[in-house]
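Coordinates in review
Chain by chain, the residues run as shown.
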Amino acid sequence: MHHAPQGQSIWGTINTCVEIALDVYMILAKDKEGNEQEGLMVRKNAAKGVLSKETASIGQESGGWLCYGKDTKDIPLYEILQRRLADCKRMEATIMGQMGELKQDGKQKRTDFFGECAPPKTEPGCIAGQTRKVRNGIYLVNEGDGAKLAVHRKIADQFMTPAAVGFGARKGGYIFYDTTASAIALNELKSVFEEAAALVISEDSLYASLHKNYPAYTSFYNQCMPETARIPTVDAPTDLFLSVQLAAERSKEKTDADSFVQTGEYQEEFGEQVDFGIGG
């Protein structure tokens, strides 16, 4: 059984000892003058599995420990945190893989055993008749500030990553995403529910939107997923993955075209004549 360092250290008498990883301890000690000193101690015979050779070589040996003072302790601490992050990513990848298998087996339908989810409560500015049920626990809502995708927390907890949930706004039992942020939710739900996949009119636009608007989420998601399930880099227009976005874009193009025609007619009648270089 391994014991934590105690008693005397190179910095003085140990007052506080906190294990931050296996065989790694953060130390607070008092020197002979009563000054508090901070350091990090790594059990020497465990250093090979925790630290790089370079980092191990700069530790000061003392009684079977490698000691790092205030000027060097951040170096082993950074490596330890890197290893912990890598472990978390591997664990998340394993969990996501297991969730993928459950989805493919059709076991996602178990959410329906929770019973019918009540529709989301909308804001006072919600347009009458514009709450559309996609499926149990997933709705499209047209509020005063635009269309939103509403996902019940039971769905989100089962089939969405915490990172994806964090991009939505919690209201009541639902998580709301505006049209831009809905790319994140739909990216994770479209492989689970056919009804969610049917909302996406262009997967290429969805992927392009994620890369452009949410690079941090995209990078995190791709690091956690197997290669075949990652968000690909595509050359496609952004923010045109929903029919409401496409309709808005077409309306804008029509408005711009009408404005151009009207301006052109005005200039033709009253404006300056332009010589395009044709004729003598």
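Residues numbered from 1 in each chain as written. Predicted model: local features only at pLDDT ≥ 70, side-chain atom pairs only at ≥ 80, totals over all residues. Heavy atoms only, no water.

1. Examining the overall build of the chain
Convention followed: Helix and strand assignments come from DSSP, with helices taken as H or I runs of at least 4 residues and strands as E runs of at least 2, each series counted from the N terminus. Whether a residue is buried, partly exposed or exposed follows from its accessible area with a 1.4 Å probe, protein chains only, as a fraction of its type maximum: under 20%, in between, or over 50%, in that order. Contacts between residues were defined by any pair of non-hydrogen atoms, one from each residue, lying within 4.5 Å. Surface exposure here means Shrake-Rupley accessible area, sampled with a 1.4 Å probe, where a residue is shielded only by the protein chains that are shown.
Along the chain, the regular secondary structure elements total nine helices and eleven strands. Here the chain, with 280 residues, has 35% of them falling under the buried criterion. Look at the contacts in the chain between residues 6 or more apart in sequence, and 50% of them connect residues 24 or more apart. About 17300 Å² of surface is accessible on the chain, with carbon and sulfur atoms providing 52% of the total.

2. As for the environment of leucine 242
Note that leucine 242 resides in the loop between helix H8 (215-224) and helix H9 (243-270). In this structure the C-alpha to C-alpha distance between leucine 242 and isoleucine 201, which are 41 residues apart in sequence, comes to 5.8 Å.

3. Here's the deal with the confidence of the model for the chain
Test applied: Each residue carries a pLDDT score, the predictor's own confidence in it, on a scale running from 0 to 100.
Summary statistics for the chain give a mean pLDDT of 81 and a share of 80% for residues scoring 70 or more. Low pLDDT (under 50) marks residues 265-280, which in the prediction has three contacts with non-local residues, meaning those over four places away or in another chain.

4. Some remarks on unusual backbone geometry
In this structure, aspartate 239 is a non-glycine residue whose phi angle is positive, near 60°. Following the sequence through the fold, aspartate 239 ends up in the loop between H8 and H9.

5. Some thoughts on the pairing of strand S2 (residues 12-21)
As a reminder of what qualifies: Strand pairing is assigned whenever DSSP identifies at least 2 bridges connecting the two strands.
Of the strand pairs in this sheet, strand S1 (residues 8-9) and S2 are connected by two bridges, and their pairing is antiparallel. Directly across from glutamine 8, in S2, lies its bridge partner threonine 13. Linkage of S1 to S2, two consecutive antiparallel strands, is achieved through a turn of two residues. Sheet analysis places S2 next to strand S3 (residues 24-30), joined by seven bridges and oriented antiparallel. Residue pairing across strands places threonine 13 opposite lysine 30, the latter belonging to S3. Following S2, the chain reverses through two residues before pairing antiparallel with S3; aspartate 23 in that reversal takes a positive phi of roughly 70°.

6. A look at the sheet that holds S2
One key point about sheets: their strands pair by backbone hydrogen bonds, in either a parallel or an antiparallel sense. Taken in spatial order, the six strands make up an open sheet running S1-S2-S3-S4-S6-S5, and their pairing is antiparallel. Either end of the sheet is taken by a strand with one partner, and the two such strands are S1 and strand S5 (60-62).

7. Notes on the side chain of lysine 190
Where we set the bar: Pairs of N or O atoms within 3.5 Å make up the polar contacts considered here, provided that, within protein, one atom can donate a hydrogen while the other can accept it, and that residues adjacent in sequence are counted only when both atoms are side-chain atoms.
Mapped onto the secondary structure, lysine 190 falls in the loop between helix H5 (182-189) and helix H6 (194-199). Here glutamate 203 takes part through its side chain, which lies 3.3 Å from a polar atom of the side chain of lysine 190. Polar side-chain contacts of lysine 190 include one of 3.0 Å to the side chain of tyrosine 207. Those residues in contact with lysine 190, other than ones at most four positions away along the chain, are Ala196, Ala197, Glu203, Leu206 and Tyr207.

8. Considering the packing of aromatic side chains
Stated formally: Any two rings among Phe, Tyr and Trp, with Trp reduced to its six-membered ring, count as a pair given centres within 6.5 Å; such a pair is stacked if its planes are under 30 degrees apart, edge-to-face if over 60, and tilted if neither. The rule is short: NZ of Lys or CZ of Arg within 6 Å of the ring centre and within 35 degrees of the ring normal puts a charge over the ring.
The full count for this structure, using the stated rule, is six aromatic pairs. Both rings, one in tyrosine 217 and one in tyrosine 221, keep their centres 5.8 Å apart while their planes meet at 35°; by these two values the pair is tilted. Highlighted residues: tyrosine 217 and tyrosine 221, both in helix H8, separated by four residues, approximately one helical turn. Each member of the pair, tyrosine 217 as well as tyrosine 221, is classed as buried. In this arrangement the basic side chain of lysine 171 is found over the ring face of phenylalanine 176, its NZ or CZ atom lying 4.4 Å from the centre.

9. As for helix H7 (residues 203-213)
Residues of H7 that are buried include every one of Ser205, Leu206, Tyr207, Ala208, Ser209 and Leu210, and no others. Where H7 is buried, its residues touch H5 and H8.

10. Details of the packing of H5 against H7
Describing two packed helices takes the angle between their axes plus the distance from one axis to the other. We apply this condition: Axis definition: a line fitted to C-alpha atoms, limited for helices to the stretch in contact. Angles are taken between N-to-C directions and run from 0 to 180 degrees. The labels follow the angle: roughly parallel below 35 degrees, roughly antiparallel above 145, roughly perpendicular from 65 to 115, and oblique for the rest. Each crossing gets its hand from how the near helix is turned against the far one by less than a right angle, where anticlockwise is left-handed and clockwise is right-handed. For this scheme, ten residues count as nonpolar: Ala, Val, Leu, Ile, Met, Phe, Trp, Tyr, Cys and Pro. Four count as charged, namely Asp, Glu, Lys and Arg, and the remainder, Gly too, count as polar.
One can describe the packing of H5 onto H7 by two numbers: an axis separation of 10 Å at closest approach and a directional angle of 125°. In terms of axis orientation, H5 runs oblique to H7. For the crossing formed where H5 meets H7, the hand is left-handed. Residue-level inspection shows Ala183, Ile184 and Asn187 of H5 in contact with H7, the latter providing Leu206, Tyr207 and Leu210. Split by residue class, the contact of H5 with H7 holds five nonpolar, one polar and no charged.

11. What to know about the nonpolar core
As a reminder of what qualifies: The definition of a nonpolar core used throughout is a set of buried Ala, Val, Leu, Ile, Met, Phe, Trp, Tyr and Cys residues joined through side-chain atoms within 4.5 Å.
In terms of nonpolar packing, the biggest core is built from 34 residues, with Met160 and Leu189 touching the most fellow members. Going through the elements one at a time, strand S9 (146-152), helix H3 (153-159), helix H4 (162-165), strand S11 (174-178), H5, H6, H7 and H8 are the ones with two or more residues in this core. Discounting residues that sit within four places of it in the chain, methionine 160 has contacts with Val151, Ile155, Val165, Tyr177, Ala185, Glu188 and Leu189. Judged by nonpolar contacts, the second largest core, of ten residues, contains Val24, Leu51, Tyr68 and Ile80.

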